[in-house]
Each structure stands twice: as C-alpha cells, then as structure tokens.
Amino acid sequence: MIEAVGLTKQYGNTMAVKDLSFSVEPGKVTGFLGPNGAGKSTTMRMILGLDNPTAGDVRIKGKHYRDLHHPLRTVGALLEARWVHPNRSARSHLRWMAKSNKLPASRVDEVLDIVGLTAVANKNAGGFSLGMSQRLGIAAALLGDPEVLLFDEPVNGLDPEGILWIRNFMHRLADEGRTVFVSSHLLSEMALTASELVVIGKGELIAQSSTEEFVARASENTVKVRSPRIGPLRDELLRLGVSARDEGEGLLVSGLDSEKIGEVAFEIGVPLHELSPQQGSLEQAFMQITGDAVEYHTGLDDAAKQPAAN
Amino acid sequence: MTLLAVERIKLFSTRSPWACIAIALVTALGFSALVVGTVPEDFEFGIGMTQVGIEFGLAIIMVLGALAITTEYRFNTIRTSFQAVPNRSSLLLAKTAVVSLVAAVVGLVAAFGAWGLGYLIDPGPHLALNTAADWRNVAGASLIFGLAAAIAVSVGVLIRHTAGATALVLLYSQVLEPMVQLIPNIGADIHQWMPFNVARNFLAGGAERPAAAAGGPPEPIAALSPWWSLAYFAAFAAVILTAALVTAKRRDA
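Residues numbered from 1 in each chain as written. Chains lettered and ligands numbered in written order. Predicted model: local features only at pLDDT ≥ 70, side-chain atom pairs only at ≥ 80, totals over all residues. Heavy atoms only, no water.

In the annotation of an unreviewed UniProt entry, chain B is listed under the name ABC-2 type transport system permease protein and assigned to Tamaricihabitans halophyticus.

In the nomenclature of an unreviewed UniProt entry, chain A corresponds to ABC-2 type transport system ATP-binding protein from the organism Tamaricihabitans halophyticus. According to the UniProt record, the Sequence similarities (unreviewed entry) comment for chain A is "Belongs to the ABC transporter superfamily." (UniProt positions renumbered as here; feature names shortened; annotations may be inferred.)

Quick look at the structure:
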C-alpha cells in the first residue's frame, strides 16, 4: 500500500532520512517508531509529496502522491493537529477541504459526528483544546473515506481518555481493511497500538517486523550479569565475540542466553551475583537497538534486515 | 472552478479579509471626502481630486493579498492545501484569481464611491465623467487593484512571512518607488519605469486637463501611454507571479 524505496532526504549537510526502504500493508496498524529527530515526520511529508526526496521514491498504491486524483479520497493524514487557521471554524476548515476533492458537503457533518465535534463545529478552531484539535485533524483525515491513513504522533499531549479513544479508533480503521501508518516515539503506546513496526533511528531503517517479534528478539538477546570479578568475564565474553556493555555495576550481555553465560562464568571460575534475562519491554528493545551505533551493528542488525528485504 | 470555490471559502471564512475590505473602503472614501470637502470655494479641481484616497485603499488591499497566503504559511494550512491539491500551481493561481477578483470589485466600489461622494459634496460639471480619460481614471482603479493584489499574493508566496511580505509590498509601493525620484540626475528617468508609478500613470496620465494644476495629486510622469502603462504593470505582475509559482513548486512545503 505504501512502498518506500531508498528514500533519502538531505537538508544541507544533515541527512534527515538515509536510504530508507519499507512497506506498509493494509488491514493492520503499522507503527513508525523512532526517537525524536529520527526522520519520521520528514518521511511522512515525503509520502504526502510535501517534501521532495533527495533520492529514492515513495508510492501509495503504486502511485506518487502528486499523481493521485482527488488525493484526500485515497490518503488521509494527520501530521499536526494545530495546522488550522485559528479564526476559521471547524466546519469551514473541513468544508474547503471537502470542496477541493469534490466531496459532498454532507460528508463534513458526518466526520464531525464521527469524532464528536458536532456541538462545536461552528466555533473557531483556535479556541480548541489539544484533544479537540486532534479530533478535528482526524475528521479531516477521514473526510475522503481514504484507504490509507497516516498519523504523525497522534497521542502527543493527550489525556488518557483521548489516548484510549485514538488507539481504539486506529484499530477500528485497520479492522475495516484500511492501511494505517502511525508514527510515535512512545514505545509503550506502539506496543498497544501497532501490530507491525517500522523502526528507524538517525534516518535509517533499523527493523521492520511484527511488534511481537521485535520485542522477543531484543529480550532474548539481553541478560544482565553481576559479579565481583566482572572484568575477566567481560574479557572472556568479548573474546567469544559476544557483545557486552557496562550497565551500572553489572554487564548487559546480548547475543548469548543465560545458560551459556553461566557456563562461561563457571569455566573461567568467576562467581556470579546475578544472572537475569531481561524482560523485554518495547522501551528496552528500542533503547538497545537504537541506543548507539555500535549496538545495532551486532547480530541484531542482520536479523533486522531479513524481514525488511522481502 | 472547484479550486476557485475552495479559495473563496478559505478567504471569506476568516475575519481579516472582511476587515481589510472595510478599512480599504472607509479610508478610500474617507480621504477623498475629506479632501473634496475641505477645498476652498473658488478652487477648481477635477476627477483626480476625488481619487486621492484610492491609494490608501490600494495599500490595504495589498495587505489583504499578502495575508491571504502568508497566513496559510503561518498556520501551516498551506500543507493541508497542497495535500488536498498536489498541483501547487493550480491552487496558487486559483488563490491569486480569487483575491484579485475581490480586489478588483473593491477597487471599483472604492473609486466610484469616492467619485460619487465627491460629486455629492460638490456637484458640478468639473466632476462629470465625460471623456474616456475620466472613465479610465475612476473605473481603471478596478484593474490596478486586481493586479496589485496579484503582486501582493506572489510576494507573499515568495516571502511566506506576514510581517516581511506586508512590509515589503507597502514599503516598496509607497516609499521606495517615490524615493527613487530623489536620486540625482537619473532618479526621474528610473522612476518613470517603476511599476506602481506606471500604474498611476494608467489611471491619471494622458488626461487633457492638467490634473496637478487643478489641485489633484501630482501627475505621474511615465514614458508610456496609459494603456501601455497598464500592459507594463500587468507584465510586472505576471513576472512576479511566475517566480512565485516556480518557487512554490520546487520548495518543500
């Protein structure tokens, strides 16, 4: 549905997005995960034809955005809730959008009803709370009843009720068979919302896989080790080609399970105070994988590239 | 047609264009009435005198033109606009057309309003619309308003910031162009080719009666005939508009 190939965006000397390839399938919520400044918004803007890629290509249903006829009928997007004229009413904002893609005026009232803004439809959007603005943005995205929906950080700044509403809403859209692509730096949120993940860091693809796989892969590979003689153990692990880094007073070992680490410690006669496989939360997986450049050049990187390749 | 309707909804669904139109009409009519109403009894003046306020109206309409596009950049609705209509040139042309049309109507109302008000205050044959030049002086404001608004929209596209764009169009048309005359030796020669001076020449130039001598605003000095002046001003607008469209197309929104 959305297919990016070698997408690259350079601003002056800064590479915002570097050779990014991924695909987003219909009927699922796909999370677009990365820390702030990873290039998520830039990628979203390139998908929508707002920014021109320096190199590479991104297509929606096989077409460039600019070649879509009445694009709002194919792609709905919420990039930023505050992108409305503060002195224009919610209804007028939707009315001109509807008109531009030859959508019936009645559709405006329909989407206002869907997001629950009917009562304030004639109020100026400048007076809206963030939650209301967000709903207006979603109404705008839904206007053309599009098959593809893009949301950029939709839960940012929302209260728990608003977050729950958006989460359920996105599930519903995906269940209707639509392509839902939602970016976030909130990993716990993505774990609840997305079934597929496209993970980027520093503008580059880190992984594309299912959320479950992503978490499982990261947690399998991390074991926390504490020992009064941590030095020799670290050296031995590094000699075996296993990645280990200092964390607090212990070591965080990836690429070797706890049984093997225990055996290694036994062989070199190092006593262990702690040997605990780390429970994988998305945060940990994410931090580990995007944390620094060295980390994601270990075994994880190769594994990450496999699903992305097909 | 669809895009014209889109831009019409956008323009008239916020307050500022209405405010600009009201201020433009009030200042244009007010200044004209003030001048015509306060001239001494025995002073002889012509139609040009009723049109002195038009210049103020024009300045405010250019602010409207610049605002129509810079607010889109300021509030980022330009991105929503380009998302809805990826063909940026069509969209911006539609906006320019709508703003120009509104400006032309305002120009027409302001010019005839000012003339009518002058006639009411001081009726007489000196304010009668007899010659083609008389009609051009009044009705022509409509065309100048329309083209000036197109220039303001184009500058707005290029500059994107409200303060910068409005300051530029106002300073350029009201201060910079007249000041060129102060350059020794060559100032006057350059000034006769400056676009807004040429536009004034379309309105008030080529009159049989000496407007300045009759107490009207100083007659613009331009090398071109009135209708060539209009063509020159239109060409100036077209060049800036083209630059704006090309820039908007290339630039990241």
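Picking up after the structure, the text goes on.
Draft legend 1. Summary view of the overall build of chain A. On a plain count of helices and strands, chain A comes out with 11 helices and 13 strands. Entry remark: accessible area of chain A is about 13,500 Å², with carbon and sulfur atoms responsible for 49%. (Helix = DSSP H or I, 4+ residues; strand = E, 2+ residues; numbered from the N terminus. Areas by Shrake-Rupley, 256 points an atom, 1.4 Å probe, with all protein chains shown as cover.)

Draft legend 2. Representation of the UniProt feature "transmembrane region" (unreviewed entry) in chain B. Residue and element names in this part refer to chain B. Mapped onto this numbering, the UniProt entry gives "transmembrane region" (unreviewed entry) at residues 18-39, 45-70, 91-118, 138-159, 166-187 and 227-248. The span residues 45-70 is 81% helix and 0% strand, and its two end C-alpha atoms sit 41 Å from each other. Between the C-alpha atoms that bound residues 138-159 there is a distance of 32 Å. The span itself is 100% helix and 0% strand.

Draft legend 3. Seen up close, the sheet that holds strand β8 (residues 196-201) of chain A. Residues and elements named next belong to chain A. As summarised here, the arrangement of the six strands in space is β5-β6-β7-β3-β8-β9, forming an open sheet in which the pairing is mixed. At either end of the open sheet lies a strand with only one pairing partner, and these are β5 (75-78) and β9 (204-210). Taking the axes of each pair of neighbouring strands and ignoring which way they run, one obtains an average angle of 15 degrees across the sheet. Packing against the sheet, helix α5 (residues 160-175) makes contact with β3 (29-33), β6 (148-152) and β7 (179-184), and its axis sits at approximately 150 degrees to β7. (Pairing = 2+ DSSP bridges. Axes fitted to C-alpha atoms, helices over the stretch in contact; angles between N-to-C directions. Contact = heavy atoms within 4.5 Å.)

Draft legend 4. Highlighting the interface of chain B and chain A. If you look at the interface, chain B gives 26 residues, while chain A gives 30 residues. Each partner contributes to the roughly 2,500 Å² buried at the junction of chain B and chain A, and carbon and sulfur atoms together form 61% of this total. Counting the contacts that link chain B with chain A gives one salt bridge. Across the chain B-chain A interface, the total number found is 10 residue pairs in polar contact (both at pLDDT 80 or more). At the level of secondary structure, the elements contributing two or more residues to the side of chain B that touches chain A comprise α1 (2-12), α5 (77-84) and α11 (226-250) of chain B. A per-element tally of the side of chain B that touches chain A places α5(B) first, with seven residues. Taken together, the residues of the side of chain B that touches chain A break down into nine nonpolar, nine polar and eight charged. (Buried area = accessible area lost by both parts, 1.4 Å probe. Salt bridge = Lys/Arg side-chain N within 4 Å of Asp/Glu carboxyl O. Polar contact = N/O pair within 3.5 Å; in protein donor to acceptor, adjacent residues only side chain to side chain. Nonpolar A, V, L, I, M, F, W, Y, C, P; charged D, E, K, R; others polar.)

Draft legend 5. Local environment of the packing of aromatic side chains. Tallied over the entire structure, the rule returns 12 aromatic pairs over all chains. Ring geometry for Phe202(B) and Trp227(B): centres 5.0 Å apart, planes at 70 degrees, overall edge-to-face. Separated by 25 residues along the polypeptide, Phe202(B) in helix α10 (residues 195-204) and Trp227(B) in helix α11 bring together distant segments of the chain. For Phe202(B), a relative accessible area of 1% translates into the label buried. Members of the aromatic cluster, each reached through a chain of ring pairs, are Phe22(A), Phe32(A) and Phe181(A). Above the ring of Trp165(A), the side-chain terminus of Arg135(A) is found at 4.3 Å from the ring centroid. When the ring centre of Trp96(A) is taken as reference, the NZ or CZ atom of Lys10(B) above it lies at 4.4 Å. (Phe/Tyr/Trp six-rings, centres within 6.5 Å; stacked < 30°, edge-to-face > 60°. Buried < 20%, exposed > 50% of the residue type's maximum accessible area, 1.4 Å probe, protein only. Lys NZ or Arg CZ within 6 Å of the ring centre and 35° of its normal.)

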